[in-house]
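Descriptive analysis of the structure
Residues per chain are reported as follows:
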Amino acid sequence: MAANYWESTQRRHWQFTREQLEVLRKKLEDEDQNLVQMYPLPALRHLSIYFNQQVARLGKRLGVRQQAMATAQLYIRRFYSKVEIRRTNPYLVIATAVYLACKMEECPHHIRIVVSEGRTLWPGMFNSRNFFSTDTSKLGECEFFLISEMSSQMIVHHPYRSLAALQTTFSLTQEEYALAWSIINDHYMTDLPLLYAPHAIAIMSILLALVLRPNTTGIQSAGSSAGTIASAAHAALSSAGQTKNAGEKPGGVARTKVQKLANWLAESNIDIEAIVDCTQEIISFYEVQEQYNEKLTREQINRFVKARGLDK
């Protein structure tokens, strides 16, 4: 097991560029274009929101802690970068990812309990059939499938640790810390865990938490003011970038926490462009989230699961 992210399989094998991810996904679709055309799916971000909801619902029934659910979400995203979704039963994949993540995060649940809760959570809609088999061997087979596709590289490094380490550095209040934690939770519904290091995600979450802190309505309702949020965040990052590029030390005393963060970034070796891209991605995600239609997404998934007999 790698003691840190820089030596981990996560960094060496599961960090991609956007172009590499696009190539992987296009290759999967090109392998069977008829299947793709026959069963159209919602946008990837909407699928990610739906999967997140299902992981959260199953996790709540099982009493799973947040980090294990985050690990499950990353397993699902990794798996579907290797396997075309229409060839699988996503409900079985979700339950298996949660089951496997709980084992890896040392909070295991018995396979029969996971299967039982999954069957209760995802009842069938036609002829009293169910999206989820009572046969525990199905989940066992799917577990082997997931482990195989991920090349047994199961250790996940999360941004939560970096966030905790930086809380004192930036004097984050409990409210700011909780908001940053929530932003980290949300980033698992994007490609960011496959694109950037955990510490970059943590810094992005702190920046947005500090920018959003005066907005008592919370980040989920921030879509309408996304431009304002982005401007404030980018102003801080631009200031840090200009100072770093000029080879100067930040002058004067930081009056706000955002200024303190910008000064800290300017003096660090952290890739500010990565923080900028992370910030743009998560703000873009929140805008898309407002157009999410759970009913439509569920129907499109259920259609191919039933039509292809993947629920048996």
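Look up: the structure comes first, before these words.
Residues numbered from 1 in each chain as written. Predicted model: local features only at pLDDT ≥ 70, side-chain atom pairs only at ≥ 80, totals over all residues. Heavy atoms only, no water.

1. Section: helix H12 (residues 198-212)
- If you check H12, its first and last C-alpha atoms are 21 Å apart, about what 15 residues at 1.5 Å a residue would give, namely 21 Å.
- In terms of burial, H12 is largely enclosed, as 14 of its 15 residues are buried. (Helix = DSSP H or I, 4+ residues; strand = E, 2+ residues; numbered from the N terminus. Expected span 1.5 Å × (residues − 1). Buried < 20%, exposed > 50% of the residue type's maximum accessible area, 1.4 Å probe, protein only.)

2. Here we look at the packing of helix H10 (residues 174-187) against helix H15 (residues 272-289)
- Contact pair H10 / H15: the axes reach a minimum separation of 11 Å and the direction vectors enclose 75°. On the basis of the axis angle, H10 is roughly perpendicular to H15. Residues Ile183, Asp186 and His187 of H10 form the contact with H15, whose own contacting residues are Ile282, Phe285 and Tyr286.
- Class assignment of the residues belonging to the contact of H10 with H15 gives a composition of four nonpolar, one polar and one charged. (Axes fitted to C-alpha atoms, helices over the stretch in contact; angles between N-to-C directions. Parallel < 35°, antiparallel > 145°, perpendicular 65-115°, else oblique. Contact = heavy atoms within 4.5 Å. Nonpolar A, V, L, I, M, F, W, Y, C, P; charged D, E, K, R; others polar.)

3. Regarding unusual backbone geometry
- One non-glycine residue, Ser152, lies in positive phi territory at about 60°.
- Mapped onto the secondary structure, Ser152 falls in the loop between helix H8 (136-149) and helix H9 (160-167).
- One non-glycine residue, Ser171, lies in the positive phi region at around 50°.
- The residue Ser171 is located in the loop between H9 and H10 in this model.

4. Some points on the packing of aromatic side chains
- What the rule picks out here adds up to twelve aromatic pairs.
- A centroid spacing of 5.9 Å and a plane angle of 25° characterise the contact between Phe51 and Tyr80, whose relative ring orientation is stacked. Placement of Phe51 in helix H4 (residues 44-62) and of Tyr80 in the loop between helix H5 (66-79) and helix H6 (90-104) is noted, with a sequence separation of 29 residues between them. The pair formed by Phe51 and Tyr80 is uniform in burial state, with each residue classed as buried.
- Grouping aromatic residues by their ring pairs yields a cluster made of Phe51, Phe79, Tyr80 and Phe145. (Phe/Tyr/Trp six-rings, centres within 6.5 Å; stacked < 30°, edge-to-face > 60°.)

5. Notes on the environment of Leu139
- By the element assignment, Leu139 lies in helix H8.
- Residue classification places Leu139 among the buried residues on the basis of a relative accessible area of 0%.
- Between the C-alpha atoms of Leu139 and Val114, which are 25 residues apart in sequence, the distance is 9.1 Å.

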